[in-house]
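Residues per chain are reported as follows:
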Amino acid sequence: MMLGAFFWGGLSDKVGRKQCLLIAMSVNGCFAFLSSFVQGYNTFLFCRMVSGFGIGGAVPIVFSYFVEVLAREKRGEHLSWLSDADDS
C-alpha cells in the first residue's frame, strides 16, 4: 500500500485526481476479484499485492479530496473520522 500511495499520489498531481482514483479503484477491484479464483498460492499473493497497490493509491487521493471540499472549521474533525474509518 505504501508503494501505491507514493505512485498514485504523484501521478494524481500530474494527471488528475479523478482519473487516478478511478484507475486505482479499478486495479484494486479487478485483482481482488481475480484473487478469489486463482488456484496457486503464489498467484494469490501476486493478485493481493497488486490489489493493495491499487487501494494504497485511493487512500491519499480521497484524503486530498476531503481537504478540498470540507469547510475549514470542520476539516480536522471530519478528517479524523475518515482516518478512523480507514483504520477499521
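Further up the page is the structure itself.
So, a few notes on the structure that sits alongside this text. (Residues numbered from 1 in each chain as written. Predicted model: local features only at pLDDT ≥ 70, side-chain atom pairs only at ≥ 80, totals over all residues. Heavy atoms only, no water.)

Here's the deal with the packing of helix 1 (residues 2-15) against helix 3 (residues 41-69)
- Contact pair helix 1 / helix 3: the axes reach a minimum separation of 7 Å and the direction vectors enclose 55°. By the angle between their axes, helix 1 is oblique relative to helix 3. The crossing of helix 1 and helix 3 is right-handed. Across the interface between the two elements, Leu3, Gly4, Ala5, Phe7, Trp8 and Ser12 from helix 1 touch Phe53, Gly54, Gly56, Gly57, Pro60 and Ile61 from helix 3. (Axes fitted to C-alpha atoms, helices over the stretch in contact; angles between N-to-C directions. Helix = DSSP H or I, 4+ residues; strand = E, 2+ residues; numbered from the N terminus. Parallel < 35°, antiparallel > 145°, perpendicular 65-115°, else oblique. Left-handed = near helix turned anticlockwise from the far one by under 90°. Contact = heavy atoms within 4.5 Å.)

A look at the nonpolar core
- Within the largest apolar cluster, six residues are counted, these being Trp8, Cys20, Leu21, Ala24, Ala58 and Ile61.
- At the level of secondary structure, the elements contributing two or more residues to this core comprise helix 2 (17-35) and helix 3.
- The element contributing the most residues to this core is helix 2, with three residues.
- Each residue touching Ala24, except ones within four places of it in the same chain, is listed here: Trp8, Gly54, Ile55, Gly57 and Ala58. (Core = buried A, V, L, I, M, F, W, Y, C linked by side-chain atoms within 4.5 Å. Buried < 20%, exposed > 50% of the residue type's maximum accessible area, 1.4 Å probe, protein only.)

A word on the packing of aromatic side chains
- The full count for this structure, using the stated rule, is five aromatic pairs.
- When the centroid spacing of 5.4 Å and the interplanar angle of 35° are considered together, the rings of Phe7 and Phe53 count as tilted. One end of the pair, Phe7, is in helix 1; the other, Phe53, is in helix 3, with 46 residues separating them in the sequence.
- Classification of Phe53 by relative accessible area gives partly exposed; the value is 29%.
- Here the aromatic residues Phe7, Trp8 and Phe53 are joined through ring pairs into a cluster of three or more. (Phe/Tyr/Trp six-rings, centres within 6.5 Å; stacked < 30°, edge-to-face > 60°.)

Remarks on the side chain of Ser12
- Looking at the secondary structure, you find Ser12 in helix 1.
- What makes Ser12 buried here is its relative accessible area of 8%.
- If we skip the residues at most four places from it in the chain, Ser12 touches Arg17, Cys20 and Ile61.

A few points about the packing of helix 1 against helix 2
- Remark: helix 1 packs on helix 2, axes separated minimally by 7 Å, with the N-to-C direction vectors making an angle of 140°. As far as their axial angle goes, helix 2 and helix 1 are oblique. Contacts between helix 1 and helix 2 involve Trp8, Leu11, Ser12 and Val15 from the first element and Arg17, Gln19, Cys20, Ile23 and Ala24 from the second.
- Residues that form the contact of helix 1 with helix 2 fall into these classes: six nonpolar, two polar and one charged. (Nonpolar A, V, L, I, M, F, W, Y, C, P; charged D, E, K, R; others polar.)

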